[in-house]
Amino acid sequence: SQTIHQWPATLVQPVGSPLSLECTVEGTSNPNLYWYRQAAGRGLQLLFYSVGIGQISSEVPQNLSASRPQDRQFILSSKKLLLSDSGFYLCAWSGPRTEKLFFGSGTQLSVL
Amino acid sequence: GIQVEQSPPDLILQEGANSTLRCNFSDSVNNLQWFHQNPWGQLINLFYIPSGTKQNGRLSATTVATERYSLLYISSSQTTDSGVYFCAVVSGTYKYIFGTGTRLKVLA
């Protein structure tokens, strides 16, 4: 069966520090991969999605970036975090025809 | 882009009550899912329902794609049903766009 791993579960970082969040999927090949962000008490905002290795689509202009170095690995990065980057970050995957969407357990990021 | 609106935004129920949550979308969709986000932040798949009706225990969902809405029914609510309910749609390709959510609290 397919599983999605996302880590770390919580992260506290100072303003201006770099960020790297990693997500991996097991049990499937050629998935669509997604990064969403959820501010406290708000809905889910799509940040990036990828339909293949090295293919990244950005939905929201910001100081974050994403990379897909392997078929089942998706990385969210920042060179310098801002206070406004705080939030709950969720990785998700779907099949290549964008059927059901499945989420990882999320990372609570606090930028202080 | 497509707009996805959910109503009501907040709902408080006594345990055992029934409720209907609505999801309206502004354009035709290829796929639609309902999710429950529990108090720990986990997003749980409830239904994959681009059209038609499905039931799973006390929950059921109906999507009328031609009229651009979907409904989630919760019967005999329990305190464990508390959390936020989201619908999400795919319009075009690849991207799941989430609705505004309904925050449900079930009182014992």
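For the structure, check the block above.
Counting restarts for each chain, with residues numbered from 1 along the sequence as it is written. Following the order in which they are written, the chains are lettered starting with A and the ligands numbered starting with 1. Confidence filtering applies because this is a predicted model: local features only for residues at pLDDT of at least 70, side-chain atom pairs given and counted only at 80 or more, and all residues used for totals across whole chains, interfaces and linings. Heavy atoms throughout the structure, all of them, feed into the side-chain values; hydrogens and water do not.

Contacts are assigned to residue pairs with any non-hydrogen atoms lying within 4.5 Å of each other. Between chain A and chain B, the residue contacts involve 23 residues of the former and 16 residues of the latter. Summing both sides of the interface, chain A and chain B together bury roughly 1,600 Å²; the carbon and sulfur share of this comes to 60%. Here the quantity called buried area is the total loss of accessible area, with a 1.4 Å probe, experienced by two parts when brought into contact, counted for both. Contact with chain B buries area across many residues of chain A, yet Leu44(A), Thr98(A) and Leu101(A) alone supply 28% of it, more than any other trio. Think of a salt bridge as a Lys or Arg side-chain nitrogen and an Asp or Glu carboxyl oxygen that are within 4 Å of each other. Where chain A packs against chain B, one counts one salt bridge.

Residue and element names in this part refer to chain B. Two strands qualify as a pair provided DSSP detects at least 2 bridges between them. Counting from the N terminus, the helices are the DSSP runs of H or I reaching at least four residues and the strands are the DSSP runs of E reaching at least two. Of the strand pairs in this sheet, strand β4 (residues 31–37) and strand β5 (residues 43–48) are connected by five bridges, and their pairing is antiparallel. Along β5, the bridge assignment pairs His36 with Ile44. Adjacent in sequence and paired antiparallel, β4 and β5 are bridged by five residues, among which Gly41 carries a positive phi angle near 90°.

Attention now moves to the environment of Pro18(A). All names here are of chain A. On the secondary structure map, Pro18 appears in the loop between β2 (10–13) and β3 (19–26). Taking the C-alpha atoms as reference points, Pro18 and Lys79, separated by 61 residues in sequence, lie 4.5 Å from one another. Among all residues touching Pro18, those that are not within four sequence positions of it are Gln13, Ser78, Lys79 and Leu81.

Residues and elements named next belong to chain A. In spatial order, the strands read β1-β3-β8-β7; together these four strands make up an open sheet with antiparallel pairing. If you trace the sheet from one side to the other, it starts and ends with β1 (3–7) and β7 (64–70), each paired once. Strand-to-strand twist of the sheet, defined as the mean angle between neighbouring strand axes without regard to direction, takes the value 15°. Strand direction decides the pairing type here: β3 and strand β8 (residues 73–78), joined by six bridges, are antiparallel. Residue pairing in the sheet places Thr24 in a bridge with Gln73 of β8. Between N-to-C directions, angles cover 0 to 180 degrees, with each direction set by a line fitted to C-alpha atoms, over the stretch in contact for helices.

Another point: the side chain of Arg37(A). Residue and element names in this part refer to chain A. Tracing the backbone through its elements, the reader meets Arg37 in strand β4 (residues 32–38). In protein, a polar contact requires one atom able to donate a hydrogen and another able to accept it; more generally it is a pair of N or O atoms within 3.5 Å, and residues adjacent in sequence count only if both atoms are side-chain atoms. Among the polar contacts made by the side chain of Arg37, one reaches the side chain of Tyr89 at a distance of 3.2 Å. Other than its neighbours up to four places away in sequence, Arg37 contacts Gly43, Leu44, Gln45, Leu47, Gln62, Leu64, Ser84, Asp85, Phe88 and Tyr89.

The quantities given are spatial measurements derived from coordinates; they are silent on function.
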